Amino acid sequence: SLASFLLLISVSFLHALTLDEAISLSKESLPSYKASVLSVRSSEALYQATLSPYLPRLDASASYQRLFRNAEEFDSRLYDLTLSYTLFDWGNRNANRSIGKLNLAISNEELRRAFLDLSFQVKVAFYTAMALQESVEQRTIQLRDANTDSEVAEGRYKFGVARLSDVLQASVRKEQAKFNLIQTEGDFRKAMTELNSLIGKPLESTYDLEGSLEIEGDIPDPGILAGFALQRPRVKQAERTVQIAAQNTKISRSSFFPVLSASAGYTKYGGDALTSYDEEKTAALTATWNIFELGKFFIHKSAGFEETIAQENFRDIKRQVLLDLQKTYEDLRTDTGKVLVAREQIRQAEQNYSQALGEYKVGKGDITTLVQAESLLADARDQLIRSRLNRILTKALLEQVAGIEKLETLRPEGEKK
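Help me out: how do you make sense of the overall build of the protein in this one?
Of the regular secondary structure elements, the protein holds 9 helices and 6 strands. Here the protein has a C-alpha radius of gyration of 37 Å; the compact-globule value for 417 residues is 22 Å, and the former is much larger. Considering only C-alpha atoms, the protein reaches an extent of 130 × 50 × 45 Å along its principal axes. The burial tally for the protein puts 38% of its 417 residues in the buried class. Look at the contacts in the protein between residues 6 or more apart in sequence, and 79% of them connect residues 24 or more apart.

Structure representation (C-alpha cells):
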C-alpha cells in the first residue's frame, strides 16, 4: 500500500527503525494478520446473508415434456413463478441472525488478538536484536580489556618480571573474547533476520534500531490491568460463545412449534397437450408443524448442555486470564529487582577489575586474579543486558496478557514521557 511504501522510504532515509514503525510495517506485510482481516470480511458477508429469511423469496422454473400417447406425440411446456415469505417461525431466523452478528464480533476479536500477537512478536524480535546489538558493543569492550591484559602481561614478561604462563593465560582469555564476539555478532545477524521477516524487509537488510531497553515510570496496579485483561479478545470470544449457545437453544426450541408462511404463484401452460385452462394463479397461507420427531427432543436437550458448557468455559477462561496476569506481573517485579542487582554487580565488577589491573601492573597482583576480574566484569555486563532484555520482554508479555498495546497509555498524563 501507499502508506507502507512511504513508511519504508522514511525508514530507509533515517537509517533507524523504531518499534512503532516495525509494528506498522508488520501489519502491512505479515500474511497471518492479512488473513485475519479477510476473515472479518468473510464474517461480515455471512452476517449480511442472515437477512435473507426476512425478505420474500422468488423462484422461477420452466420445464418441457414430450408426451407419447396412442401413437400420438404432444409437447407440453410449463412456466412457474412463485413468491413466498415466512411470516413467523418462533425466533428461528432471529436467532440465526444473532448468531451471525456474534460470529462477526468473534472475528473482530480474533483480528484484535492477531494484532496483539503480532505486536508481541515484533517486540520480542525488536528488543532481542537491540539487546544483541548492545552485546556486540560490550563484547568489543571485553576484547579490548582482554587485549589490554595481554599487552600488560607481555610487557612485564619482556622486562623479566612475569612468567611465560602469565602471557599464555592472558592470550587464552583474549582468544576466548574473540570467540565470544564472533558468536554474538552471528546471533545479532540472526535476530535481525527474524525482525526483517516479520516486517517484510529483505532478510539480509541492516539498519540501526532506535529505542531503549529501559522501562520508564511505574507499572500500573494489577487491579487496573485486570479490568483490561477481562476485555481481552479471548475473554470476549468466550462470552460471545455463551451467547451463541443460548441462540442455538432458541433455534432447537423453535422446532417444537409451527412455521407460518405465505406464498403466491403464477403458472402458465403451453404446448400441444393443452388443458382446459392455459394459466393458473394461486395464493396460499401455510402452517407447517412437525408434531413428532424423536431427534429434536435430544437436540434440544444437547443445546441446553452446550449452553452450560460454554458458561463454565467462560468462567474458566476468566480465571486463567487473571492468573496469567498476576503471574506475569510478579515476574515483572522480579525482573525489575534483578536489574537493580545487576547494575550494582557491574559497578563492583568494574571497580574490582580496575583494582586488579592496577595491582598487576605494579607487581602486587597475579595474572589469575586479573583474568578472573576481567571475566567477572564481562559476565556482569552480559548479565545486565540479559536482565534488561528479560524485563522489557516480560513487560511486553504483560501488555499482551492485559490486552493492551502499551502500558504507558494507562499512566496519568503527568507520568507519561
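After that view of the structure, there is still more to cover.
Is there a simple way to explain the nonpolar core in this structure?
One finds Leu17, Phe126, Leu195 and Leu209 to be the most contacted residues of the largest nonpolar core, which totals 60 residues. Listing elements by their share of this core, those giving two or more residues are helix H2 (19-29), helix H3 (31-49), helix H4 (92-158), helix H5 (164-199), helix H6 (222-229), helix H7 (233-254), helix H8 (294-361) and helix H9 (367-402). Take this core: its biggest share by element is 16 residues, from H4. Sequence-distant contacts of Leu209, that is, excluding residues within four places in its chain, are made with Leu17, Phe126, Ala129, Met130, Gln133, Met192 and Leu195. With 20 residues, the next largest nonpolar core counts Val152, Ala170, Ile346 and Ala356 among its residues.

Quick question: what am I supposed to make of the pattern of salt bridges here?
Opposite charge on two side chains permits them to pair, given that their charged atoms come into close proximity. In this structure the tally under the stated criterion is 23 salt bridges. Ionic pairing is found between Glu239 and Lys236, a salt bridge with its closest N-O pair at 3.3 Å. Within this pair, Glu239 and its partner Lys236 are both found in helix H7, separated by 3 residues, close to a single helical turn. A relative accessible area of 25% places Glu239 in the partly exposed class. By relative accessible area, which is 15% here, Lys236 ends up buried. One connected set of salt bridges, linked through shared partners, spans Glu134, Glu214, Arg343, Arg388 and Arg391.

What's the story with the side chain of Arg156 in this structure? I'm lost.
You can see Arg156 is positioned in helix H4. For the buried Arg156, no salt bridge is present, and the opposite-charge side chain at shortest range is Asp166, 5.5 Å distant. A distance of 3.4 Å separates the side chain of Arg156 from the backbone oxygen of Lys361, its partner in a polar contact. Among all residues touching Arg156, those that are not within four sequence positions of it are Val161, Ala162, Tyr360, Lys361, Val362 and Gly363.

Help me understand the layout of surface pockets, please; the structure alone is not making it clear to me.
If you roll a probe as big as a water molecule over the atoms, it shows you where there is empty space left. Here the second largest pocket is characterised by a volume of approximately 170 Å³. Every residue lining the second largest pocket is listed: Thr128, Ala131, Leu132, Ser135, Arg139, Thr184, Asp187, Asp382, Ile385, Arg386 and Leu389. Elements with a minimum of two residues in the lining of the second largest pocket: H4, H5 and H9. Looking at the lining of the second largest pocket element by element, the count peaks at 5 residues for H4. Considered class by class, the residues forming the lining of the second largest pocket number 4 nonpolar, 3 polar and 4 charged.

The rules behind these values
Residues numbered from 1 in each chain as written. Predicted model: local features only at pLDDT ≥ 70, side-chain atom pairs only at ≥ 80, totals over all residues. Heavy atoms only, no water. Helix = DSSP H or I, 4+ residues; strand = E, 2+ residues; numbered from the N terminus. Rg over C-alpha atoms; globule rule 2.2 N^0.38 Å. Buried < 20%, exposed > 50% of the residue type's maximum accessible area, 1.4 Å probe, protein only. Contact = heavy atoms within 4.5 Å. Core = buried A, V, L, I, M, F, W, Y, C linked by side-chain atoms within 4.5 Å. Salt bridge = Lys/Arg side-chain N within 4 Å of Asp/Glu carboxyl O. Lys, Arg positive; Asp, Glu negative; His and termini not counted. Polar contact = N/O pair within 3.5 Å; in protein donor to acceptor, adjacent residues only side chain to side chain. 1 Å grid on protein atoms, 1.4 Å probe; cavity = no way out; pocket = protein on both sides within 12 Å on 5 of 7 lines; lining within 4 Å. Points joined across faces, edges and corners; volume = space filled by probe spheres on them. Nonpolar A, V, L, I, M, F, W, Y, C, P; charged D, E, K, R; others polar.

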